[in-house]
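Structure assessment
Residues per chain are reported as follows:
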Amino acid sequence: MLMKSATVEGPSSVAVGESGEPDLKPGGILVRMHACGICGSDVEKVFGKYGKQSMRLGHEPAGVIIRTGPDVPGFAAGDRVFTHHHVPCYDCHLCNHNSETLCARYSETNLEPCGLSEVYAVPAWNVSHGGVLKLADSTSFEEAAMIEPLACCVRAWSKLPARKGDTVAVFGVGPTGMMHAMIALSKKFSKVLCLDVNDFRLDFARNLGATDSIRSDDADRVKKILEHTGGAGVDVAIVATSSLEALADAIEMVRSGGHIMMFGVPSRGASMSIDMSKIYSKEITMHASYAASDRDTKEALGMIESSEIDVKQLITHTYTISDSQSAFEHARSGADAMKIIITKQQKA
């Protein structure tokens, strides 16, 4: 049986081709995709210079198990599932130091051919090591497609100090940037300040409870952040964009002793000049957070199922896999859009 898959064809081009269903190997499962989100890293793979090696599209898929291989306890055809594309070993030096997403095994455990495929295979390693989560009937496939990006945010926050009443500036309020803002609100931060150049997204953030939304090109942006924090600067700055200008702003806007999280994926070869005396004299701690482990996805699913984080309100558009090029162009432009999801059947 033929199925459609989306792949990077070339610069700025997404190809949708047909092929036979992937092989079902011992210990693995075959899943019919019902929803898969388009991530900013996917957009960077198509339109930019992605800084990681993989060029596979789609790592936020959810669907229904079609078949299971032999010796797959706990799963059966018809189960509604979210599937994590990478699962670490949890036994190496990196895993034992809480760096699971940097584990060599992590990047080797891929969905075949990818998550943006009508049918994809989940390898035995992922199935047997916690990479497949069953979904409650009350959780839609579209919500399940938000598990992985929320898990990435969860992982980033696990590296940050967070106290009730703290302040945060989020640079870039696309889907994950908005999730960071929503997490800060759930943690009872006193000020959640959002910066972007997209007015639709700034309004979106304000409507979801952000203290203020400021254009990233506002000449007074640093002054406005400092005014919100009594001149001190924010406790936490989350750079949820690849923009190096945003990182430079974060250094100016974070308080002495504050924390900066590099969350957005820089383009390959991106570089900038930093006055390191500011990092030193302000005792700024800089973090980076790449991807998520299956432990993070379990926590994210719990947050969605409990309605702690209402991801439904972030989904603004859906496309079919046949319309992947248009979907990626829309995701790149961000025109009146937040999260864009590829679904089994088009809804909007």
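In this report, the structure presented in the accompanying data block is examined.

Analysis parameters
Counting restarts for each chain, with residues numbered from 1 along the sequence as it is written. Since the coordinates come from a predicted model, pLDDT governs what is reported: local features require at least 70, and pairs of side-chain atoms require 80 or more to be given and counted, while whole-chain, interface and lining totals use all residues. Only hydrogens and water are set aside; all other atoms, that is, all heavy atoms of the structure, feed into the side-chain values. As defined here, a cavity is a set of points on a 1 Å grid over the protein atoms alone where a 1.4 Å probe fits but cannot get out. A pocket is an open set with protein on both sides within 12 Å along at least five of seven lines, and residues line them when an atom is within 4 Å of a point. Grid points are joined across faces, edges and corners, and a volume is the space filled by probe spheres set on the points. Each residue receives one of three labels: charged for Asp, Glu, Lys and Arg, nonpolar for Ala, Val, Leu, Ile, Met, Phe, Trp, Tyr, Cys and Pro, and polar for the others, Gly being one of them. Following DSSP output, two strands are said to pair if at least two bridges run between them. Helix and strand definitions follow DSSP, with helices as H or I runs of at least four residues and strands as E runs of at least two, each counted in order from the N terminus. Fitted lines through C-alpha atoms give the axes, limited to the stretch in contact for helices. The angle between two N-to-C directions lies from 0 to 180 degrees.

1. Some points on empty space enclosed by the protein
Tallied over the full model, the rule gives 2 cavities of 30 Å³ or more. As a volume, the largest cavity reaches approximately 60 Å³. As for the largest cavity, its lining consists of Val 239, Thr 241, Ser 242, Ser 243, Leu 244, Leu 247, Met 262, Phe 263, Gly 264 and Pro 266. Among the residues forming the lining of the largest cavity, the class breakdown is 6 nonpolar, 4 polar and no charged. Lining of the second largest cavity is provided by Met 178, Ala 181, Met 182, Leu 185, Cys 194, Ala 205, Leu 208, Gly 209 and Ala 210.

2. Observations regarding the sheet that holds strand β12 (residues 254-262)
The 6 strands are arranged β10-β9-β8-β11-β12-β13 in an open sheet whose pairing can be described as parallel. Two strands close off the open sheet at either side, each with one partner strand: β10 (212-215) and β13 (285-288). Each strand axis lies, on average, 20° off the axis of its neighbour in the sheet, ignoring direction. The pairing of β12 with β13 spans 4 bridges and is parallel. Note that in β13 the partner of Met 262 across the bridge is Ala 288.

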